[in-house]
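# Structure assessment
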Amino acid sequence: MNVAEMLARNARMYPDDTALIELRPSKNVRNEISWKEFDERANRTANALIARGIRKGDKVIHWMMNSINWLEAYFGILRTGAWVVPLNFRFTSRDLEYCAAIAEAKVMVLGEEFVERVEAVRPKLATVKDYIFVGQTVPKGMKDFEALVDRASSKPPGVTLNDEDACGLYFTSGTTGAPKPILLIHKNMECAAITENIGHYIKHEDNFILIPPLYHTGAKMHWFGSLIVGGRATILTEMSPKNLFDAVHKERGTVVFLLVPWAQDILGALDRGELKKEDYDLSCWRLIHMGAQPIPPSVVKHWKEYFPDMQYDTTYGLSESTGPGCVHLGIENEHKVGAIGKAGFNWKTRIVNEKGKDIAQGEIGELVVRGNGVMKEYYKNPEKTQETLKDGWLYTGDMAKTDKEGFIYLVDRKKDVVITGGENIYPVEVEQVLQSHPKIYDVGVIGVPDERLGEVVAAVIDPKPGMTLTEEEINEFCEQNLPRYKRPRRIFFDKVPRNPTGKIEKPKLREKFAGYKESFRI
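Not measured: the values here are computed from a predicted model. (Residues numbered from 1 in each chain as written. Predicted model: local features only at pLDDT ≥ 70, side-chain atom pairs only at ≥ 80, totals over all residues. Heavy atoms only, no water.)

The next thing to look at is the sheet that holds strand S16 (residues 342–343). Hydrogen bonds between backbone groups are what pair the strands of a sheet, and the pairing can be parallel or antiparallel. Read across the sheet, nine strands follow the order S2-S1-S11-S10-S12-S13-S14-S15-S16 without closing on themselves; strand pairing throughout is mixed. Whereas interior strands pair on both sides, the edge strands pair on one side only; in this sheet they are strand S2 (29–34) and S16. One ladder, built from four bridges, connects strand S1 (residues 18–24) with strand S11 (residues 232–236); its direction is parallel. What sits directly across from Leu-23, in S11, is Leu-236. Sheet strands touched by helix H3 (residues 68–79): S1, S2 and S11. Its angle to S2, the strand with the most contacts, is close to 30 degrees. Lying over the sheet, helix H8 (residues 217–227) contacts S1, strand S10 (207–210), S11, strand S12 (255–258), strand S13 (287–290), strand S14 (311–318) and strand S15 (323–328), oriented at roughly 170 degrees with respect to S10. (Pairing = 2+ DSSP bridges. Helix = DSSP H or I, 4+ residues; strand = E, 2+ residues; numbered from the N terminus. Contact = heavy atoms within 4.5 Å. Axes fitted to C-alpha atoms, helices over the stretch in contact; angles between N-to-C directions.)

Let us now look at the sheet that holds strand S27 (residues 490–493). Taken together, three strands build an open sheet; the order of strands is S25-S26-S27 and the sheet is mixed. Every interior strand has two partners, whereas the edge strands, strand S25 (440–450) and S27, have only one. Shown here is a sheet whose adjacent strand axes are inclined to one another by a mean of 25 degrees, direction ignored. Relative to strand S26 (residues 454–463), S25 runs antiparallel, the two sharing ten bridges. The partner of Pro-449 across the bridge, within S26, is Glu-455.

What follows is about the environment of Ala-120. Its location among the elements puts Ala-120 in helix H5 (residues 115–121). On a C-alpha basis, the gap between Ala-120 and Tyr-306 in space is 48 Å, while along the polypeptide they are 186 residues apart.

Before going further, it helps to spend a moment on the packing of aromatic side chains. Across all of its chains, the model carries 16 aromatic pairs by this definition. A centroid spacing of 6.0 Å and a plane angle of 20 degrees characterise the contact between Trp-35 and Phe-38, whose relative ring orientation is stacked. Here Phe-38 and Trp-35 lie together in helix H2 (residues 35–51), a separation of three residues that amounts to about one turn. Judged by its relative accessible area of 0%, Phe-38 is buried. Pairing Phe-89 with Tyr-215 gives two aromatic rings, centres 5.7 Å apart and planes at 85 degrees, and the pair type is edge-to-face. Placement of the pair is Phe-89 in the loop between strand S4 (83–86) and helix H4 (93–103) and Tyr-215 in the loop between S10 and H8, with a sequence separation of 126 residues. Among the residues examined, Phe-89 registers a relative accessible area of 23% and is labelled partly exposed. Relative accessible area serves as the criterion here: at 4%, Tyr-215 is assigned to the buried category. In textbook terms, an aromatic cluster arises when at least three aromatic residues are bridged by ring pairs, as seen for Trp-35, Phe-38, Trp-70, Tyr-74, Phe-75, Trp-223 and Phe-224. Above the ring of Tyr-131, the side-chain terminus of Arg-122 is found at 4.3 Å from the ring centroid. In this arrangement the basic side chain of Lys-342 is found over the ring face of Phe-407, its NZ or CZ atom lying 4.6 Å from the centre. (Phe/Tyr/Trp six-rings, centres within 6.5 Å; stacked < 30°, edge-to-face > 60°. Buried < 20%, exposed > 50% of the residue type's maximum accessible area, 1.4 Å probe, protein only. Lys NZ or Arg CZ within 6 Å of the ring centre and 35° of its normal.)

Structure follows, in structure tokens:
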């Protein structure tokens, strides 16, 4: 059953139940929509697009901020049989031009936040014939989303969707260079829904607090675990510790996915007394899960000091596996925090060497995964596809190892390994040690050139708010906690750039602090 049909089924089974809640705290706005209304709005969107010439196999660029409208448009595009092309809200005009050239989209659905960026390159977007605007004041030369939807039929468009049909073209967030176009099929989306639901025991009665950007496979695919059982979701459009606690308290949220920086912000606010648990009824909140980056065990330990009875899970995935869940820790394995876990439901995993052969327990190799969530291909890039997909296995680019119980531990990205004097150093290991320092808020570790050793380890450190930290303190801490060859030889105090899904943007760090420039051309 594809995700578009999951929505239709929910409309039949739970027509009047709440499907989505949208919170905009700064404007004191709360919107709500039922499953029946959601389903009809998706149908209207689909029929409006079909009336404008969109057919199965066409591409529609989707560039909006998180909202109920975002999901209405997304499901409407899917129901036409077209490929939805969601774009990162941080993309520049240049990124848009790059992505549009690859996608060759006929239509763009966009929010008001992106008009200026679109207009800057609009003459270069040769294939885009229609611009559909979601917002109040419709710019010249664009169509009004609400007007088109209101005039369209609420009946199903009648387009047949098969498991192997392509449905989504997702561009990676570009932490390693040019965003790569990942082509997903309906079977991939269904796999994500099943994996997420089973991994986190999601029921119809749950309320998933949805915070990360919807354009990414992470947040939306986490929510698919609720979609498959008609569980409601609360879209929190403005993340802050107080806003999250308010949302859980008022909307009776039960499941929350957090990025590590958000968890750190919450813990910091609790530590400083700016946020007090006793001011909220959080008894409904049963599960927190984190992913999108290595999870420092110190953060989880700190969290459990405040929430000892809350369930915890680490989830691992990538856009090429249709988001999270191909590996996860499991809420029953909290004692193994630090590991990313084992293969998710209906997934297989291996750790292999450079020749693709399985290696022994404890040795470091590349994590490869296999399951129905594995992408179809890198669109228009057969060389990269062949390099990444081999005999049905997805080569993740993540270096990992297993313990004697079969739990997988991430070591680092293959491309981020620092080679110093012939020794391989994995930045994540150093980052996790430094993250346990009581004064460090965030840290990123890279290699910088060294005349004698080739490269040495450098740490970019962002101290906790209001705290001072010296290089001498860091060196003393590293002497006590790291072997000599892994200790940072260069220490910089600065903000650590992260993309919207929490991953450290290593190319930016390498460009700023090591003189390495990793760029791409359109």
